[in-house]
6 protein chains.
Amino acid sequence: MKVSVCRKAHFNAAHRLYNPNWSEARNNEVFGKCNNPNYHGHNYGLEVWVSGEIDPETGYLIDLKILKKIIEEEVEDRFDHKNLNLDTEEFKNLNPTAENICVVIWMLIRAQLDEKLDLKVRLYETERNIVEYTGPQ
Amino acid sequence: MKVSVCRKAHFNAAHRLYNPNWSEARNNEVFGKCNNPNYHGHNYGLEVWVSGEIDPETGYLIDLKILKKIIEEEVEDRFDHKNLNLDTEEFKNLNPTAENICVVIWMLIRAQLDEKLDLKVRLYETERNIVEYTGPQ
Amino acid sequence: MKVSVCRKAHFNAAHRLYNPNWSEARNNEVFGKCNNPNYHGHNYGLEVWVSGEIDPETGYLIDLKILKKIIEEEVEDRFDHKNLNLDTEEFKNLNPTAENICVVIWMLIRAQLDEKLDLKVRLYETERNIVEYTGPQ
Amino acid sequence: MKVSVCRKAHFNAAHRLYNPNWSEARNNEVFGKCNNPNYHGHNYGLEVWVSGEIDPETGYLIDLKILKKIIEEEVEDRFDHKNLNLDTEEFKNLNPTAENICVVIWMLIRAQLDEKLDLKVRLYETERNIVEYTGPQ
Amino acid sequence: MKVSVCRKAHFNAAHRLYNPNWSEARNNEVFGKCNNPNYHGHNYGLEVWVSGEIDPETGYLIDLKILKKIIEEEVEDRFDHKNLNLDTEEFKNLNPTAENICVVIWMLIRAQLDEKLDLKVRLYETERNIVEYTGPQ
Amino acid sequence: MKVSVCRKAHFNAAHRLYNPNWSEARNNEVFGKCNNPNYHGHNYGLEVWVSGEIDPETGYLIDLKILKKIIEEEVEDRFDHKNLNLDTEEFKNLNPTAENICVVIWMLIRAQLDEKLDLKVRLYETERNIVEYTGPQ
């Protein structure tokens, strides 16, 4: 009996979108206000969906204390109240779009998760801007 | 790296559910209050989910200005503040149930969307009545 | 110990905004798309807040069965799945703006409610358009 | 044209998580506060997603009166305002974790649903703790 | 410049509504399913609103670490994952209706809060059942 | 008949909380992670509540085109996709706490609003951190 379980988390961060290989004019054309050199920010909402078999002894898919610790260490400690461009290794050379942030978080959690479990990450940049990643296919 | 991105939209419209080939009694039995000949209405909520590869230069799946324009022209300009039965070509001869509206919106957006991208449309007729369509399978 | 208790309700209705004493041009200027002669519609959300003393025997402010019945009879039976302009007495000669609908609902519930209780009505025309009325002051 | 339609429901129940084959120490270690012998409780939120072909005559996937009746009889009448451990057959010998409740509800609805329709059940134990089950795979 | 600031919290608890001085028939008539002797439960949502002057040095109304600690000690530690009727002093002899729970929480927080600050407590028993208390008037 | 009407808006911004007259140690003690010198950010949600008499000719409290324009010019153009500390006049010398942002927005809108109308501003820094200001009292 394969089920999926979701745990939610949040982090608040500043970022700026731009491509250092482009002219300022092209950056403004593509990224508009998101290219503010002084940064802007978001409340990022995170849904971490894990799929697998229910453990018949506990009735749980996963001990949530483990999943919670993974999310805290891999996502919240890294990104919460940070400037994604300046304060993180992950986005020093990667444009912190919602798409890229979602994929990076998937890889960070995937590396710590039991191989038997499947993983889907949904990232809310705003209530109206959502990205989902389920891994390479 | 294939991700999905969601853009939300809204439109407010009036409609009436009935089948012109049926008797009034049968229409009332199946559609109940939704068969009011003077119409009723809803705030329709729309989630347009597009899937595909992230562009490595922008970090975006799609230029949202393009998707926004498609939704405005194909959905909002057509249906917002309209009577679906009287004011639209699409529902002149098609019962405007949430299921049919969802499929029609999918087809309207699909026709304007890059072939490389997959499309899923989720329509909220109310907070408690939701339909989803991902295309012919 | 005076507390306030809220009960929520919903109704779906069609309406058109216009002033019959005005020219078509003036109606379009003020009411824009809301002046569609074929109507549009909304999912109206309702919060009915009642204030008063807690009954020490029940621990309740009001027997909710009574409040529920009032809302059903005075609001839902009257307005749900109706065309406000055509199907109701209340808006035959009153423009069904969110403001006017909110005041009308307040008066309909007030007339049925125990005099010892205070009443506030909050109406959501959409998630982004809210009106509140607490009675004459 | 295969679509999915969602109907929502709610029930409020008490429960306790524990494994009768384990020591009290092990139960406390795994289930923590959820192992309170006097029980605690939740507002469970339910999304029942049904998939299949749209009926061309009605424009509906399913007559919602049928689905509503199934959910009321199989879920709400059984579990609403109940103590899951003491008042139900289903959880007399099965730990009422969100995972197990979700699977049980899926099986109860599946048994009453037309074979042509697919079924997915999503259960919210809290706003932050969600489980999804789509049947054996 | 007097502002209001809200902090949210949650607790999950079991309860039963009844009046020990009444017959079983009268309890069932008034409290219905809420009178289940084996208890049922809820996810209670809490909004604690504090009003007062902004501190010009910090720009804060209140050091949220203090308010958070008060809510944890006075509300969450007392009521979370508890049976309100059996596990708490406050509801041993007081019917745990949403109204009474809201007033009790107000009194518990009021006793720990700086006298200069005003207090309002809003309790969500469900998303559709809300109580608010602002103290004796 | 005095009613209140709400219009919602959003803006995304970066900020840093600190008092330049304090030591770094004191700033860290009071503002913690919010004192990151590289900034972090939020999706700010805004509810602008205006109260007054319904215009009997329109059934409106206020022409929403006017209120919308005020919010765009006074709030969104000033603060959206900005660094509040670096890019704005208002917070050059004022700590951009949610309390101070809420009061500043109230004053900016108040200055443009008809004297006959009352104003309340509610600011959501996150879904869990809310401030409300109704003017000097």
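Residues numbered from 1 in each chain as written. Chains lettered and ligands numbered in written order. Predicted model: local features only at pLDDT ≥ 70, side-chain atom pairs only at ≥ 80, totals over all residues. Heavy atoms only, no water.

From N to C terminus, chain A includes four helices and five strands. Of the regular secondary structure in chain A, the N- to C-terminal order runs β-α-β-α-β-α-α-β-β. Seen through its principal axes, chain A has C-alpha atoms that stretch 60 × 30 × 25 Å. A buried classification covers 59% of the 137 residues belonging to chain A. Pairs at least 24 residues apart make up 66% of the contacts formed inside chain A by residues separated by at least 6 positions. Put simply, chain A shows about 6,000 Å² of open surface, and 47% of that area lies on carbon and sulfur atoms. Of the side-chain charges in chain A, 17 are positive and 23 negative, and the distance between the mean point of each set is 3 Å. (Helix = DSSP H or I, 4+ residues; strand = E, 2+ residues; numbered from the N terminus. Buried < 20%, exposed > 50% of the residue type's maximum accessible area, 1.4 Å probe, protein only. Contact = heavy atoms within 4.5 Å. Areas by Shrake-Rupley, 256 points an atom, 1.4 Å probe, with all protein chains shown as cover. Lys, Arg positive; Asp, Glu negative; His and termini not counted. Charge placed at Lys NZ, Arg CZ, Asp CG, Glu CD.)

This paragraph deals with a negative patch on the surface. Together, A:E127, B:E127, C:E127, D:E127, E:E127 and F:E127 line one region of the surface with negative charge. Within the fold, B:E127 resides in the loop between β4 (118-126) and β5 (129-133). Overall, B:E127 belongs to the exposed group, its relative accessible area being 53%. (Patch = residues over 30% accessible without salt bridge, like charges linked within 9 Å, V, L, I, M, F, W, Y side chains within 5 Å. Salt bridge = Lys/Arg side-chain N within 4 Å of Asp/Glu carboxyl O.)

On to the confidence of the model for chain A, then. Residues shown with low pLDDT carry predicted positions that ought not to be read at fine detail. Considering every residue of chain A, the mean pLDDT works out to 97; 100% of them sit at 70 or more. At the level of chain-chain contacts, confidence expressed as ipTM amounts to 0.93, with global pTM at 0.96. (pLDDT = per-residue confidence, 0-100.)

A word on unusual backbone geometry. The phi angle at A:H81 is positive, at roughly 60 degrees, despite the residue not being glycine. Locating A:H81 in the fold gives a position in the loop between α2 (64-79) and β3 (82-83).

On to the environment of A:R78, then. Residues and elements named next belong to chain A. Along the chain, R78 turns up in helix α2. The class of R78 is partly exposed, set by a relative accessible area of 28%. Separated by 28 residues in sequence, R78 and V50 have C-alpha atoms that sit 21 Å apart. Once residues lying within four places of it in the same chain are set aside, the contact partners of R78 are E73, T88, E90 and L108. At 2.7 Å, the side chain of R78 forms a polar contact with the side chain of E90. (Polar contact = N/O pair within 3.5 Å; in protein donor to acceptor, adjacent residues only side chain to side chain.)

Moving on, we get to the relation of the copies chain E and chain D. Once turned by 180 degrees and shifted 0.0 Å along the axis, chain E lies on chain D with an RMSD of 0.0 Å. What the rotation and shift describe, once combined, is the action of a two-fold rotation axis. With an isologous cut-off of 70% or more, the 100% of interface residues of chain E that recur at the interface of chain D puts this contact in the isologous class. (Least-squares fit on C-alpha atoms with pLDDT ≥ 70 in both.)

Bringing the pattern of salt bridges into the picture now. Proximity of charged atoms lets side chains of opposite charge pair with each other. Under the criterion given, the structure shown has 54 salt bridges over all chains. Notably, a salt bridge pairs B:R78 with B:E90, separated by 2.7 Å at the nearest N-O pair. Residue B:R78 is located in helix α2 (residues 64-79), and its partner B:E90 is located in the loop between α3 (84-87) and α4 (98-110); the two are separated by twelve residues in the primary sequence. A salt bridge links D:E74 to D:R78, with the nearest nitrogen and oxygen atoms 2.9 Å apart. On the criterion of helical spacing, the pair formed by D:E74 and D:R78 is a turn pair, its members being four residues apart in helix α2 (residues 64-79). One continuous salt-bridge network, built from bridges that share partners, spans A:E74, A:R78 and A:E90.

Turning next to the arrangement of the chains. Separating chain C from chain D is a minimum C-alpha gap of 15 Å, and the two share no contact. With respect to C-alpha atoms, chain B approaches chain E no nearer than 13 Å, and the pair has no contact.

Let's shift gears to helix α4 (residues 98-110) of chain D. Its 13 residues place the ends of α4(D) 18 Å apart at the C-alpha level, agreeing with the 18 Å of an ideal helix rising 1.5 Å per residue. Considered for burial, the residues of α4(D) that qualify are D:A98, D:E99, D:N100, D:I101, D:C102, D:V103, D:V104, D:I105, D:W106, D:L108 and D:I109. (Expected span 1.5 Å × (residues − 1).)

One frequent convention defines the size of an interface as the accessible area lost when the parts assemble. Each partner contributes residues to the interface: chain E has 22 residues there, and chain D has 22 residues. Summing both sides of the interface, chain E and chain D together bury roughly 1,800 Å²; the carbon and sulfur share of this comes to 45%. Interface area lost by chain E to chain D is led by E:N38, E:N43 and E:H81, which between them contribute 31%. Scanning the region where chain E abuts chain D turns up two salt bridges. A salt bridge links E:D80 to D:K33, with the shortest nitrogen-to-oxygen separation between them at 2.6 Å. Among the secondary structure elements, those contributing two or more residues to the side of chain E that touches chain D are β1 (2-15), β2 (40-53), β3 (82-83), α3 (84-87) and β4 (118-126) of chain E. Tallied by class, residues from the side of chain E that touches chain D come to five nonpolar, eleven polar and six charged. (Buried area = accessible area lost by both parts, 1.4 Å probe. Nonpolar A, V, L, I, M, F, W, Y, C, P; charged D, E, K, R; others polar.)

To continue, consider the interface of chain A and chain F. Contacts between the two partners involve 22 residues from chain A, matched on the other side by 22 residues from chain F. A buried area of about 1,800 Å², summed over both sides, lies between chain A and chain F, and 45% of it is on carbon and sulfur atoms. The interface formed by chain A and chain F includes two salt bridges. At the boundary of chain A with chain F, the tally comes to 17 residue pairs in polar contact (both at pLDDT 80 or more). Put simply, the parts of the chain that give the side of chain A that touches chain F at least two residues each are β1 (2-15), β2 (40-53), β3, α3 (84-87) and β4 (118-126) of chain A. Split by residue class, the side of chain A that touches chain F holds five nonpolar, eleven polar and six charged.

Turning next to the packing of aromatic side chains. Think of a pair of aromatic rings as described by two things: how far the centres are apart, and how the planes are tilted against each other in angle. For the structure shown, the criterion picks out 36 aromatic pairs over all chains. Between C:F11 and C:F79 the ring centres are 5.9 Å apart and the planes differ by 45 degrees, which places this aromatic pair in the tilted class. Taken together, the residues span a long stretch of sequence, with C:F11 in strand β1 (residues 2-15) and C:F79 in helix α2 (residues 64-79) at a distance of 68 residues. Looking at C:F11, the relative accessible area reads 1%, which means it is buried. You can call C:F79 buried: its relative accessible area is 0%. With 5.7 Å between their ring centres and 50 degrees between their planes, C:F79 and C:F91 make a pair best called tilted. Of this pair, C:F79 sits in helix α2 while C:F91 sits in the loop between α3 (84-87) and α4 (98-110); the two residues are twelve residues apart in sequence, bridging distant segments of the chain. Across the pair, C:F91 and C:F79 agree in class, each one buried. Members of the aromatic cluster, joined through ring pairs, are A:F11, A:Y44, A:F79 and A:F91. The ring of A:W49 carries the charged tip of A:K120 above its face, separated from the ring centre by 5.5 Å. (Phe/Tyr/Trp six-rings, centres within 6.5 Å; stacked < 30°, edge-to-face > 60°. Lys NZ or Arg CZ within 6 Å of the ring centre and 35° of its normal.)

Right, let's get into the relation of the copies chain A and chain F. Expressed as a screw operation, the relation of chain A to chain F combines 0.0 Å of axial shift with a rotation of 180 degrees, fitting to an RMSD of 0.0 Å. A high fraction, 100%, of the interface residues of chain A reappear at the interface in chain F, so the copies pair face to face through one surface.

Quick look at the environment of E:G32 now. The residue E:G32 is located in the loop between α1 (24-31) and β2 in this model. Taking the relative accessible area as the measure of exposure, E:G32 reaches 31% and is therefore partly exposed.

Turning our eyes to something else, we now look at the packing of α2(A) against helix α4 (residues 98-110) of chain A. Residue and element names in this part refer to chain A. Running from N to C, α2 and α4 point in directions that differ by 140 degrees, and their axes come no closer than 9 Å. Judged by the inter-axis angle, α2 sits oblique to α4. Between α2 and α4 lies a crossing whose hand is right-handed. Together, I70, I71, E74, V75, R78 and F79 of α2 and V104, I105, L108 and I109 of α4 make up the contact between the two elements. When its residues are assigned to classes, the contact of α2 with α4 shows eight nonpolar, no polar and two charged. (Axes fitted to C-alpha atoms, helices over the stretch in contact; angles between N-to-C directions. Parallel < 35°, antiparallel > 145°, perpendicular 65-115°, else oblique. Left-handed = near helix turned anticlockwise from the far one by under 90°.)

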